[in-house]
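Architecture at a glance
Chain residues, written in single-letter form:
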Amino acid sequence: MLEQTRSSEHDAGAAASGIVDAAVEHAPSYYAASANPSPVRDALTADIETDVCIIGAGYTGLSSALHLLEAGFRVTVLEAARVGWGASGRNGGQIVNSYSRDIDVIEKTVGKKDAALFGDMAFEGGRIIRERVEKYGIRCDLKDGGVFAALNDKQLKEIQHQKALWERYGNDQLEMLSQSDMRNVVDTDQYVGGLLDKSGGHIHPLNLALGEAAAVESLGGKIYEDSAVVRVERGEPVKVFTEKGSVTASFLIVAGNAYLGGLVPELKAKSMPCGTQVIATEPLSDEQASAILPQDYCVEDCNYLLDYYRLSGDKRLIYGGGVVYGARDPSDINAIIRPKMLKTFPQLENVKIDYSWTGNFLMTLSRLPQVGRIGNNIYYSQGCSGHGVTYTHLAGRLMSEVLKGQAERFDAFASLPHLPFPGGHMLRVPFSMLGAWYYTVRDKFGI
Ligand SMILES: Cc1cc2nc3c(=O)[nH]c(=O)nc-3n(C[C@H](O)[C@H](O)[C@H](O)COP(=O)(O)OP(=O)(O)OC[C@H]3O[C@@H](n4cnc5c(N)ncnc54)[C@H](O)[C@@H]3O)c2cc1C
């Protein structure tokens, strides 16, 4: 349980535009309720100076901070709410390799030769997480093994293709699962087969973020909570302002993702915040837990709007799904997610739901991360489009490489083209809903 609490939630994006006061509690998730002890950090109340200032203490910001500190930079992180308050502290906890669109899509965009670099990086984020957990002794219920579950033959063919693709880039941890193999992994008759990635896995996401923040501080990094950046004064050095202080830095890293709001206007046009919802059941009995997920792998299905689930360290079923384009918070999360859970596991009809929450991720039109620089000293990485747990950890390493003068891998991501959503700011939500409806119909009929 977190040691102390503040009054209520807020919207960091709104804070960035100066609208919201400093009410900064975590979302009412199972993760906040079961978080490892962690201090409430001071807000910034002075004018200070550093080498690298980072906006946002999610995985992108924390991973960048950690890699930069290890490389000898002085680092200050400014977080509008609390460490892990955004998607990083409330996600499904699934360590999913590669990117939201796979390397074959990147091959079509940049050509086979240049795509090889992305293939080489596709499994690095998961390795970084495991290194962090080991090196800094982070207690976050890390488990190995993730399964992609096919609901129809078309999806089965797609994951066979994905296996061949990933093997081409060196992942030798993959195994196709037949329909009967799947019954040894998930007790449901929904699936026709699946793909096991033994190098996937799952974690308590908030505890990973809190552990990384402690590691940042152990290396001399400074993290301020309740410190929304409200203005960026560009220049060399760059200066950022909170309500009560400022940081002057040689470099700025923007890691506010779906909660950044309009702070950096260039980043707004080509991305869209989206919500997704998660529920956590009461703890299951040992028999129930080992019956529904006997191998304790995490699972996501292969639908366009996918369901994802796993067991927590104390054997709750954590079940998520759905996408709310434009990130409006639904009024009744249970009404959306519980029926999905019961479709997969009708045997859980009488199990109580203890927690339900929502969180925002940032989508790009291509579903690939939006990475780049503004001027000579502002860097950003955002928009992992729903699969960001591993990529954000890689992003941190890329940030430290580029600030050390090794730009090749950062520039590969920065070269990915990004288009604005059709319909512009006003119509991007209905247009995206229409697109999702089209793909949902195709998923339903396996076409
Ligand atoms: C419900 C949910 C389930 C998900 N499940 C999975 C999953 O199982 N597997 C997976 O791979 N991915 C999943 N994702 C996606 C993944 O969680 C994200 O891609 C990833 O955590 C993004 O990390 P981030 O650090 O870029 O952003 P965030 O974690 O959102 O962090 C951004 C931080 O910046 C802060 N901030 C914003 N503006 C300012 C400002 N002006 N000043 C100071 N601070 C600011 C915010 O308060 C926030 O703490 C899920 C996302 C959600 C929402």
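As recorded in an unreviewed UniProt entry, the chain goes by NAD(P)/FAD-dependent oxidoreductase and comes from Enterovibrio norvegicus.

For the chain, the helix and strand inventory stands at 14 helices and 17 strands. At a minimum sequence separation of 6, the contacts of the chain that also span at least 24 residues come to 75%.

Burial in helix 5 (residues 112-121) covers these residues: Phe118, Gly119 and Met121. In an axial view of helix 5, the angular spread of the buried residues amounts to 160°, which keeps them on one side of the axis. Opposite the buried face of helix 5, by more than 90 degrees, sit the exposed residues Lys112 and Lys113. Looking at the buried positions of helix 5, the neighbouring elements they touch are helix 4 (103-110), helix 6 (124-135), helix 12 (389-403) and helix 13 (408-414).

In terms of nonpolar packing, the biggest core is built from 128 residues, with Val52 and Val254 touching the most fellow members. Broken down by element, the residue count for this core peaks at eight residues, all from helix 12. In this structure, Val52 is in contact with Leu68, Phe73, Val75, Ala249, Ser250, Phe251, Ile253 and Leu403, ignoring residues within four places of it in sequence.

Backbone torsion omega between Glu236 and Pro237 reads 10°, so that peptide bond is classified as cis. Inspection of the secondary structure assignment puts Pro237 in the loop between strand 8 (231-233) and strand 9 (238-241).

Taken together, 46 residues lie around the ligand, and Gly56, Gly58, Gly86, Gly92 and Gly388 are the ones closest in. Of all the secondary structure elements, the ones that give two or more residues to the shell around the ligand are helix 1 (12-16), helix 3 (59-70), strand 11 (271-281), strand 15 (353-364) and helix 12. Grouping the amino acids of the shell around the ligand by side-chain chemistry returns 23 nonpolar, 21 polar and two charged.

Another aspect to go through is the environment of Asp51. Within the secondary structure, Asp51 is located in strand 1 (residues 47-55). With 16 C-beta atoms packed within 10 Å, Asp51 lands in the partly exposed category. Counting along the chain gives 197 residues from Asp51 to Thr248, while the straight-line C-alpha distance between them is 8.3 Å. When neighbours within four sequence positions are excluded, Asp51 is seen to be in contact with Phe73, Arg74, Val75, Ala249, Ser250 and Phe251.

Side chains Cys298 and Glu300 of strand 12 (residues 298-301) all project onto a buried face; the interleaved residues Val299 and Asp301 project onto the opposite face, where all are buried too. Pairing of strand 12 with strand 13 (residues 307-311) involves two bridges; the strand directions are antiparallel. Paired with Glu300 across the bridge in strand 13 is Tyr308.

Between helix 3 and helix 12, the shortest axis-to-axis distance is 7 Å and the interhelical angle comes to 40°. Viewed along their axes, helix 3 and helix 12 adopt a mutual orientation that is oblique. Crossing of helix 3 against helix 12: the hand is right-handed. Residue-level contacts link Tyr59, Thr60, Ser63, Ser64, Leu66, His67 and Leu68 of helix 3 to Val389, Thr392, His393, Ala395, Gly396, Arg397, Met399, Ser400 and Leu403 of helix 12. Tallied by class, the residues present in the contact of helix 3 with helix 12 amount to seven nonpolar, eight polar and one charged.

Further remarks concern the pairing of strand 13. Within strand 13, five of the five residues are buried, which leaves the element mostly enclosed by the surrounding structure. Between strand 12 and strand 13, which pair antiparallel and follow one another directly, the connecting turn spans five residues. Counting the residues between successive antiparallel strands, the hairpin from strand 13 to strand 14 (residues 317-325) contains five residues, one of them, Lys315, with a positive phi of roughly 65°.

Here the chain shows a mean pLDDT of 90. Residues at 70 or above account for 89%. The low-confidence segment residues 1-23 (pLDDT under 50) makes 53 contacts with residues lying over four places distant or belonging to another chain.

Quick look at the environment of Tyr136 now. By the element assignment, Tyr136 lies in the loop between helix 6 and strand 4 (143-150). Separated by 78 residues in the primary sequence, Tyr136 and Ala214 place their C-alpha atoms 8.7 Å from one another.

This brings us to the packing of helix 4 against helix 5. For any two helices packed against each other, the geometry is given by the interaxial angle and the distance between the axes. Interaxial distance between helix 4 and helix 5 falls to 7 Å at its minimum, and their mutual angle equals 145°. Judged by the twist between their axes, the crossing of helix 4 over helix 5 is right-handed. Every residue of helix 5 that contacts helix 4 at Ile103, Ile106, Glu107 and Val110 is listed here: Lys112, Asp114, Ala115, Phe118 and Gly119. For the contact of helix 4 with helix 5, the class distribution of residues is five nonpolar, one polar and three charged.

With that out of the way, let us pick up the environment of Glu266. Here Glu266 shows up in the loop between strand 10 (246-254) and strand 11. When the C-alpha atoms of Glu266 and Ile374 are compared, they prove to be 8.8 Å apart, with 108 residues separating the residues in sequence.

Cut-offs and rules
Residues numbered from 1 in each chain as written. Predicted model: local features only at pLDDT ≥ 70, side-chain atom pairs only at ≥ 80, totals over all residues. Helix = DSSP H or I, 4+ residues; strand = E, 2+ residues; numbered from the N terminus. Contact = placed C-beta atoms within 7 Å. Buried ≥ 20, exposed ≤ 12 C-beta atoms within 10 Å, placed from the backbone. Arc of directions from axis to C-beta. Core = buried A, V, L, I, M, F, W, Y, C linked by C-beta atoms within 7 Å. Near = placed C-beta within 6 Å. Nonpolar A, V, L, I, M, F, W, Y, C, P; charged D, E, K, R; others polar. Pairing = 2+ DSSP bridges. Axes fitted to C-alpha atoms, helices over the stretch in contact; angles between N-to-C directions. Parallel < 35°, antiparallel > 145°, perpendicular 65-115°, else oblique. Left-handed = near helix turned anticlockwise from the far one by under 90°. pLDDT = per-residue confidence, 0-100.

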